[in-house]
Amino acid sequence: MTTILLDPPATRNRLIAAMTGEGLRLFFPLAALHAALWPLLWVFLWSFGLPLASVTTPGQWHAQEMVIGSFGAALIGFLTSALPEWTETPRLHGRPLFVLAGLWGLARIAGLVGFEPTIVVAALTDQAWLLFLLAYVLLLSWRRRTTGFLGFAALLGALALSAGGMRLAMLQGDFDAGETAIRFGAFAFLGLLGLALARITVPVTNLILDPSETTSPYRPHPGRVNLAPGLVGLLLIAELAGLSEPVRGYLMIAAGAAFLDRVAEGFVGREAFRAELAALWLSSALAGAGLLLAGLSHIGLPLPFVGALHLMLMGGLGLGVLAVLSIAGLLHTGQPLVFAASTRIAILLMLGAVLLRVAPEFIPGLSLPGGQHGLAATGWALSLALWLKTYLPLLWSSATRASESC
């Protein structure tokens, strides 16, 4: 991969223009930076607490900041870049992206230290960018007279409902309602992951199999393209309706099986083990395994739900986000789809961090060096720091603005 450095000396205007050329150039680095720093601060500096959280539960702030904060920034960058590409409409750029970043960032300031007096402000700013994305999807769908993006709209609505529910639970001191909202948001994001993988896995696979793009050697089974997000949608309905744990457990198992079925899309020969493709099917595998284990815990097996939740989110969703950041980061800056050694190391570090985080949940009494989850937080942060080191010079370079090949 060719590394393109910022033009020295880079003027302020040129840097701003490069940062806001499209959504992913601004929000992918924000997502990686936030996702790397927040767990480190929470584990090593705050010792799993938050200095200004006296009534609210630090663990629920953690879930809010990772799901709505870190993954939310990646979602903004992805949708504001991918939707215009899919609909052949102009991209958002410049000031609107800074406004979105400001709304997203205000809530993150509150979450950094658990500043309870700003819960309402943080809730409103998160709702503002979430509802903007929902309106954006619906507007482009209406302009193109297509129903192909309504799944994104429905799951964005569910994510907005979850974010609002988490903040309301914090205000009311209702721990159980907060846990329900966290599950709802986690499942909504897994549904969005399923939709994203359904749209990007096939073109990425074909690009790997035939870099000339003159043929399409791989075609998926059409019946399972949206099976995983569809079953996640049923699970969300069950959560919203307050159905019993066994019912929700069986739906989790079904959704997990659908994600595991997507792993078969990676069976394309030895190219399946190329990092660019392996990261995608491994994301489906971890999401599916997490959902499966969570479902089994709900129907009575002695399995830790928290461990399963981290496997599906930190593993499935985290690795999926890293894969999307890496693939789109190359193609939207005119680079060949070949991960640098640092990117492959970042993927391995993230997989190691996931294993270190969930192992103590499934092996009671397991003691790891570095204290509780210290190694996991370190590996996770190093993974994202490597991504930033590799991709920030590409994304924030004015030389790559006209080099997109995606």
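Structure's up top.
Residues numbered from 1 in each chain as written. Predicted model: local features only at pLDDT ≥ 70, side-chain atom pairs only at ≥ 80, totals over all residues. Heavy atoms only, no water.

Asks: Help me out: how do you make sense of the overall build of the chain in this one?
Replies: Helix and strand counts for the chain come out as 13 helices and zero strands. Along the chain direction, N to C, the helices and strands of the chain fall in the order α-α-α-α-α-α-α-α-α-α-α-α-α. Along the first, second and third principal axes, the C-alpha atoms of the chain reach 50 × 50 × 45 Å. A buried classification covers 55% of the 406 residues belonging to the chain. (Helix = DSSP H or I, 4+ residues; strand = E, 2+ residues; numbered from the N terminus. Buried < 20%, exposed > 50% of the residue type's maximum accessible area, 1.4 Å probe, protein only.)

Asks: Looking at this structure, I do not really get the packing of helix α7 (residues 175–209) against helix α9 (residues 245–262). What am I missing?
Replies: For any two helices packed against each other, one specifies the inter-axial angle together with the distance between the axes. It is at 12 Å that the axes of α7 and α9 come closest, and there the two elements cross at 25°. In terms of their interaxial angle, α7 and α9 are classed as roughly parallel. The handedness of the crossing between α7 and α9 comes out as left-handed. Contacts between α7 and α9 involve R183, F187, L190, L193, G194, L197, A198 and T201 from the first element and R248, M252, F259 and R262 from the second. (Axes fitted to C-alpha atoms, helices over the stretch in contact; angles between N-to-C directions. Parallel < 35°, antiparallel > 145°, perpendicular 65-115°, else oblique. Left-handed = near helix turned anticlockwise from the far one by under 90°. Contact = heavy atoms within 4.5 Å.)

Asks: Quick question: what am I supposed to make of the side chain of H62 here?
Replies: The residue H62 is located in helix α3 (residues 58–87) in this model. Given the relative accessible area of 17%, H62 is considered buried. Apart from residues lying up to four places away in sequence, H62 is in contact with W38, W42 and H310.

Asks: Mind showing me how you'd approach the packing of aromatic side chains here?
Replies: Each aromatic ring pair is summarised here by two numbers: the centre-to-centre distance and the angle between the ring planes. Evaluation of the coordinates by the stated rule reveals nine aromatic pairs. A centroid spacing of 6.0 Å and a plane angle of 65° characterise the contact between F71 and F189, whose relative ring orientation is edge-to-face. In this pair, F71 is assigned in helix α3 and F189 in helix α7, connecting sequence segments 118 residues apart. Residue F71 shares its accessibility class with F189, and that shared class is buried. Geometrically, the ring pair formed by F132 and Y136 is stacked, given 5.9 Å between the ring centres and 10° between the ring planes. Here Y136 and F132 lie together in helix α5 (residues 119–144), a separation of four residues that amounts to about one turn. According to the relative accessible area criterion, Y136 is buried, its value standing at 9%. Here a set of aromatic residues connected by ring pairs shows up, and it is made of F78, W86, F149 and F152. (Phe/Tyr/Trp six-rings, centres within 6.5 Å; stacked < 30°, edge-to-face > 60°.)

Asks: Explain the nonpolar core here, please?
Replies: Most often, soluble globular proteins have nonpolar side chains that are buried together. Formed by 127 residues in total, the largest nonpolar core has its most connected members in F28, F78, F187, W380 and W387. With residues up to four places along the chain from it excluded, the contact list for F28 reads G23, A74, G77, F78, V324, L325, A328, W387 and L395. (Core = buried A, V, L, I, M, F, W, Y, C linked by side-chain atoms within 4.5 Å.)

Asks: Explain the side chain of T125 here, please?
Replies: One can find T125 in helix α5. Using a relative accessible area of 8% as the deciding quantity, one classes T125 as buried. Reaching out from T125, the side chain makes a polar contact with the backbone oxygen of A122 at a distance of 3.0 Å. (Polar contact = N/O pair within 3.5 Å; in protein donor to acceptor, adjacent residues only side chain to side chain.)

Asks: Can you walk me through a nonpolar patch on the surface in this structure?
Replies: Taken together, the side chains of V120, L124, L168 and L171 present a nonpolar region at the surface, about 390 Å² in accessible area. Only α5 and α6 (150–172) provide two or more residues apiece to the nonpolar patch. Relative to the elements of secondary structure, L124 occurs in helix α5. (Patch = residues over 30% accessible without salt bridge, like charges linked within 9 Å, V, L, I, M, F, W, Y side chains within 5 Å. Areas by Shrake-Rupley, 256 points an atom, 1.4 Å probe, with all protein chains shown as cover. Salt bridge = Lys/Arg side-chain N within 4 Å of Asp/Glu carboxyl O.)

Asks: So what exactly am I meant to see when it comes to the pattern of salt bridges here?
Replies: Close approach of charged atoms allows side chains with opposite charge to pair. Inspection of every chain in the model, using the stated rule, returns 11 salt bridges. Where E265 meets R262, a salt bridge forms, and the shortest distance between an N and an O atom there is 3.1 Å. What makes E265 buried here is its relative accessible area of 3%. In this structure, E276 and R274 form a salt bridge, with 3.1 Å as the shortest nitrogen-oxygen distance.

Asks: Can you help me understand helix α11 (residues 305–331) in this one?
Replies: Since the α-helix packs 3.6 residues into each turn, any two residues three or four apart lie on the same face. Helix length check: α11, at 27 residues, gives a terminal C-alpha distance of 37 Å against a target of 39 Å (1.5 Å per residue), a fit within 8%. The element α11 is extensively covered by neighbouring structure, given that 26 of its 27 residues are classed as buried. (Expected span 1.5 Å × (residues − 1).)

Asks: Before we go on, may I ask you to explain the packing of α5 against α6 in this structure?
Replies: Running from amino to carboxyl end, α5 crosses α6 at an angle of 175°, the nearest separation of the two axes being 9 Å. Judged by the inter-axis angle, α5 sits roughly antiparallel to α6. Judged by residue contacts, I119, V120, A122, A123, D126, Q127, L130, L131, L133, L134, V137 and L138 of α5 engage L150, F152, A153, L156, G157, L159, A160, A163, G164, R167, M170 and L171 from α6.

Asks: Which parts of the structure should I look at to understand the environment of A36?
Replies: Mapped onto the fold, A36 is located in helix α2 (residues 23–45). Separated by 30 residues in the primary sequence, A36 and M66 place their C-alpha atoms 10.0 Å from one another. When near neighbours in sequence (up to four residues on either side) are disregarded, A36 contacts A381 and L384.

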